[in-house]
Amino acid sequence: MAIAFAVNGVARHIDVPETVSLLEVLRNHLGLMGTRYGCGLEQCGCCMVLVDDQPIHACTREVGSLAGCRITTVEGLGSPAKLHPLQQAFLDEQAGQCGYCLSGLLISAKALLDRTPDPTRAEIVAALDKHLCRCGAHQRILRAVERAAALLREAGPA
Amino acid sequence: MNKPVLPPSLVENPRLDRWIRFQPDRTVRIATGKVEIGQGVVTAIGQIAADELDVPLDRVAVLAGDTTAGPDELYTSSSLSIEVSGSSVRLVCAEVRAKALERAALRLNCSRDDLTVVDGQFLQDGTPTGQDYWTVAAEIDFSQSVTGAAPVKPATAYTVVGQSVPRRDLPAKVSGTAFVHDVMPPNLLHARTLRQPCRGAVLSALDETAIRRAAKGDLQIVREANFVAFVSAVESVAHAAAVAAPLHAKWDNVRRIAPEQQEAAWLRGQPSDDRRIGAPPSETPPKQLVQMTISRPYVAHASMAPSCALAEFHDGHLTVRSHGQGMHLLRKNLAAALGLPVEAITARHLHGSGCYGHNGADDAALDASLIALRLPGQCIRLQWRREEEFGYEPVGPAMLVTLHVDLDDRGRPADWTTEIWSPTHVQRPGSNSGFLLATEALANPPPELVPSDPTEARGGGGTRNAVPIYDVPAHRILHHLILRAPVRTSALRGLGALPNVCAIEALLDELATRAGEDPLAYRLSILSDPRARRVLEGVAERAAWSARGPAGTGKGLGLACARYKNRSAYAAVVASVTVEKAVRVDRIWCLADAGLVINPDGVRNQLEGGIIQAISWTLKEQVRFDEQGIASLDWDSYPILRFSEIPEITADLVGGDGNPALGVGECSVGPTAAAVGNAVAHALGVRICDMPFTRERIMTSLLKRA
């Protein structure tokens, strides 16, 4: 069946069985590779996307439940040519090693900063704690989110 | 004049054109056999080339891991990329620079000494000459062998080396397509496997109808002996088939293991290949013998991304894209496994998630290739499932380390034995140490190998860092290489360094206590190596070690120091912990000496990553077994350190002081685990000798104290 939703501001009509995961639709049908497969179990956070501004795991979310929703992936934040302040802050802090976990983390950080523009370190930790990073870039990632929050506050409301 | 000693990579790959090429777009391509695994090596190699050639970094393109155009530099392992590939690239660039200037001087009818290089252009007395690398490159014979005779720049002349240049691969990784997993050309076929449960298991029945029903879509089933793969244009169809398959497969001759084999204690008394390294057995009876045993269980690489590879077989040529650590070796191993000539295979590296050693990457490349050969003309994308990665990656071996140390009248070690029980630390495919996994499922599986460990010349495996850096009059290692481990084991960051450094540094704390001395002062009293002293004293000062409180308060401060492989980078660590029901690491200070540092922020990133990984291993990680094999198959059953458990970390470097670059990627893991162990012992007033430091072990040790 055809399912209609918006991905990164673009209207999409996808004709797939409604039980197909959002992760597969994003990657294999729409070519948005920033949303990544890590476990398929909602345990690692590599597949995090925003659905109507809420962070959700795309690996288990059936696409049939998303008709009419707004979905944001890491590609929707910005591109290497035009980075979102969060992406810029991650690069400024060199917050990553292999980078596989980063797009999911950027999404959860975006959700946090959208509702809490001036988060404490504890609030950032709480927002990111559902994510795993195996390389050990955690401290840099926390600093990057703080830096992004400052950048966004300086820039003022969008 | 003596012939210069070339790094092993240049001995094996002497031709200049294996390393360097000037491209029409005014860039220079540097090829390396070492690959990016999140450690920043591609950026660092580029920095070295930029400085030696006097070309800006943005004109340097680095090609990493390519069997067609790049050098064979074995595996990206053992913290050797900068030491070996970096020094090779430096010598190649120095030589090409000299040759290019020679050609330019001929053209300009001037002396080579009149020419300088700015932005790749050749200037005569500061004035542009119209000549540059690209104008003279055609006159240089790049098929020549490197001699190593051209002088390299002194470290004082570097402008790019030593700078914290941002990683060149990170922008893609924060914005979209970046990994081998992300390559999906049109008409791609997705594949998953059904794994043979163990070597020797025979697939006696497979209910393909039931699997097709579960797959809910067009599915091809590829079978070759005991290797089975599910292939579909729709990824979820292939995946569903693989998830269902174990329920519909009947295996004979499955080996059972006992769950207690998951503990390091099981190793003692198992059949082993025993050897002694170092001093002969002591002939005098011990005066004051002190013994201590430290253990670490099997631990996983636990990469964030399950292994993945692409393979395509066209007109008799196989092209493989993989995130493995050595493309030339992968090509050779694939050739042997598939019965193809080496020249019929191209292997190219694409980025994967961090591997920290030998994980499933190479195995996935064979899986994909087996399918590609059966389905020629099609691009196959093979990916392991999460449970497959946990269940079938080779794990870091369990280790048991017992120290037997005899003291002199001053309470200092007089005779030291490090006794080690461990399965092998290297079963990388090829070179008689291991196989690509699926070869064991094929019709003629390779004969079982007698396990071996890396030689001492390569830093050892179970014996890595078993020799204390302290002044010990007589030292020997007794190494029991366990012959039959219950699961496949192979290289994981640091190999035996972590358990050995933990044991050595734990014992030193105990000896200090016996002597009634401060652990830092005690160490310094038997430490002559000035570089080790410098990092140890420096980190103690940063952590205000002199203000350390009494033992047994629930708050602890511990320190440790080691030189990785006893020849790479030095690292000293102080850990501050709080122990209640669980251990919480509050702070880590680390000070390292890596000699010449190419990219200081990159090195700090590696130090920090090693620190966090080591804390995770020490506090939380253990691969669990059941009768079938590895039973910890997801992140709930194999938890790792989370954001809420990360300490504040300060990782610093001392100055290079003209010393050559030392491998740094693994140097912080041993000292960190040891410092945490010592801090926990200080907090509790009693030592926990078995990793991980679980709640049960904390309670047990508290009861012991009471």
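Residues numbered from 1 in each chain as written. Chains lettered and ligands numbered in written order. Predicted model: local features only at pLDDT ≥ 70, side-chain atom pairs only at ≥ 80, totals over all residues. Heavy atoms only, no water.

Focus on the pattern of salt bridges
Working definition: two side chains of opposite charge can pair if their charged atoms are close together.
Stage number 1. Under the counting rule described, the total for this entry stands at 55 salt bridges over all chains.
Stage number 2. Residues A:Asp53 and A:Arg70 are paired through a salt bridge, measuring 3.1 Å at the closest nitrogen-oxygen approach. Of the two residues, A:Asp53 sits in the loop between β3 (48-51) and β4 (54-57) while A:Arg70 sits in strand β5 (residues 70-72), which places them 17 residues apart along the sequence.
Stage number 3. The exposure class of A:Arg70 is partly exposed, given its relative accessible area of 43%.
Stage number 4. Through salt bridges with shared partners, one network takes in B:Arg195, B:Asp367, B:Arg385, B:Glu387 and B:Glu388. (Salt bridge = Lys/Arg side-chain N within 4 Å of Asp/Glu carboxyl O. Helix = DSSP H or I, 4+ residues; strand = E, 2+ residues; numbered from the N terminus. Buried < 20%, exposed > 50% of the residue type's maximum accessible area, 1.4 Å probe, protein only.)

A short note on the interface of chain B and chain A
Put simply, an interface is often sized by how much accessible area is lost when its parts join up.
Stage number 1. With 60 residues of chain B at the interface, the matching set in chain A holds 45 residues.
Stage number 2. For the chain B and chain A pair, buried surface summed over both sides reaches about 4,400 Å², with 54% attributable to carbon and sulfur atoms.
Stage number 3. Linking chain B with chain A are five salt bridges.
Stage number 4. Of the charged contacts, one joins A:Arg140 and B:Asp601 as a salt bridge, the two residues approaching to 3.1 Å between their closest N and O atoms.
Stage number 5. Contributing elements (two or more residues each) for the side of chain B that touches chain A: α5 (170-173), α7 (235-244), β17 (379-383), α14 (600-619) and β26 (648-653) of chain B.
Stage number 6. The class makeup of the residues in the side of chain B that touches chain A is 26 nonpolar, 19 polar and 15 charged. (Contact = heavy atoms within 4.5 Å. Buried area = accessible area lost by both parts, 1.4 Å probe. Nonpolar A, V, L, I, M, F, W, Y, C, P; charged D, E, K, R; others polar.)

Overview of the packing of aromatic side chains
All names here are of chain B.
Stage number 1. Summed over all chains, the structure comprises nine aromatic pairs over all chains.
Stage number 2. Ring geometry for Phe-122 against Tyr-133: centres 5.1 Å apart, planes inclined by 75°, an arrangement best described as edge-to-face. Taken together, the residues Phe-122 in strand β5 (residues 121-124) and Tyr-133 in helix α4 (residues 133-136) connect sequence positions 11 residues apart.
Stage number 3. Between the aromatic rings of Tyr-133 and Trp-134, the centroid separation amounts to 6.1 Å while the plane-to-plane angle is 85°, which identifies the pairing as edge-to-face.
Stage number 4. A residue is classified by how much of its surface remains accessible, and Tyr-133, at 1% relative accessible area, is buried. (Phe/Tyr/Trp six-rings, centres within 6.5 Å; stacked < 30°, edge-to-face > 60°.)

As for the domain arrangement of chain A
All names here are of chain A.
Stage number 1. For chain A, the assigned domains read domain 1 (2-77) and domain 2 (85-155).
Stage number 2. Computed over C-alpha atoms only, the centres of domain 1 and domain 2 are separated by 21 Å.
Stage number 3. Applying the counting criterion to the domain 1 and domain 2 interface returns zero salt bridges.
Stage number 4. For the side of domain 1 that touches domain 2, the secondary-structure elements that each account for two or more residues are β3 and α2 (74-77).
Stage number 5. Of the residues contributing to the side of domain 1 that touches domain 2, the split by class is nine nonpolar, five polar and two charged. (Domains from an automatic or database assignment.)

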